[in-house]
Amino acid sequence: RGRMWAYPVGFTVLPHVGGFLGWFINRKEIPAWYEKLKKPSWCPSRRMFPVAWTVLYTGMGYASYLVWNELGGCSSKAIVPLGLYGAQLALNWAWPPFFFGARNLRM
């Protein structure tokens with residue numbers, strides 16, 4: 001009972017791990033390539049992206065904890081929703097290396 005905080009914290013922090021790794025791997029490509037792209041006038045400032053992704057990843061992680069908790073942990077009821085969440089999270093984490101690393105806007 002004393003470690004009940006570990007589950008919500010763990011679920012909430014997990015999405016940030018991939019987000020941080022994606023940033024760390026591609027941090028040199030942002031000023032070298034992304035900043036030089038021709039973007040529309042309504043494109044948000046580069047400084048807004050860490051704020052937006054922090055809010056999104058925190059919300060996604062905590063929501064996954066709520067699903068896990070409501071469906072009884074790693075039960076058969078939780079496999080589909082958490083599996084879909086895990087798949088979209090993996091795709092989300094995989095996107096920056098392809099976009100920044102390959103420098104391919106069509107990907």
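Residues numbered from 1 in each chain as written. Predicted model: local features only at pLDDT ≥ 70, side-chain atom pairs only at ≥ 80, totals over all residues. Heavy atoms only, no water.

Participant: Explain the packing of aromatic side chains to me, using residue names and the numbers behind them.
Facilitator: Within the structure shown, the criterion is met by nine aromatic pairs. Ring geometry for Phe-20 versus Trp-23: centroids 5.5 Å apart, planes at 40°, classification tilted. Linking Phe-20 with Trp-23, this pair stays in helix α1 (residues 6-26), spanning three residues, or about one helical turn. Positioned above the aromatic ring of Phe-24 is the side chain of Arg-27, whose terminal nitrogen or guanidinium carbon lies 4.0 Å from the ring centre. Above the face of the Tyr-34 ring, Lys-39 is positioned so that its terminal group lies 4.6 Å from the ring centre. (Phe/Tyr/Trp six-rings, centres within 6.5 Å; stacked < 30°, edge-to-face > 60°. Helix = DSSP H or I, 4+ residues; strand = E, 2+ residues; numbered from the N terminus. Lys NZ or Arg CZ within 6 Å of the ring centre and 35° of its normal.)

Participant: Outline the packing of helix α3 (residues 48-70) against helix α4 (residues 76-102), supporting the account with residue identities and numerical values.
Facilitator: Following both chains from N to C, one finds α3 and α4 inclined at 160°, their axes separated by 10 Å at the closest point. Viewed along their axes, α3 and α4 adopt a mutual orientation that is roughly antiparallel. Two packed elements cross with a definite hand, and for α3 against α4 that hand is left-handed. Along the contact surface, α3 presents Trp-53, Tyr-57, Met-60, Gly-61, Ser-64, Val-67 and Trp-68, while α4 presents Pro-81, Leu-82, Tyr-85, Gln-88, Leu-89, Asn-92 and Trp-93. (Axes fitted to C-alpha atoms, helices over the stretch in contact; angles between N-to-C directions. Parallel < 35°, antiparallel > 145°, perpendicular 65-115°, else oblique. Left-handed = near helix turned anticlockwise from the far one by under 90°. Contact = heavy atoms within 4.5 Å.)

Participant: Explain the side chain of Asn-26 to me, using residue names and the numbers behind them.
Facilitator: As for its position among the elements, Asn-26 is in helix α1. Discounting chain neighbours no more than four positions away, the residues touching Asn-26 are Pro-96, Pro-97, Phe-100 and Gly-101.

Participant: Could you give me a rundown of the confidence of the model for the chain, with the residues and numbers involved?
Facilitator: Confidence in the prediction for the chain averages 88 pLDDT; 94% of positions are at 70 or higher. Within the chain, the lowest mean pLDDT, 76, falls on helix α2 (residues 29-32), and the highest, 95, falls on α3. (pLDDT = per-residue confidence, 0-100.)

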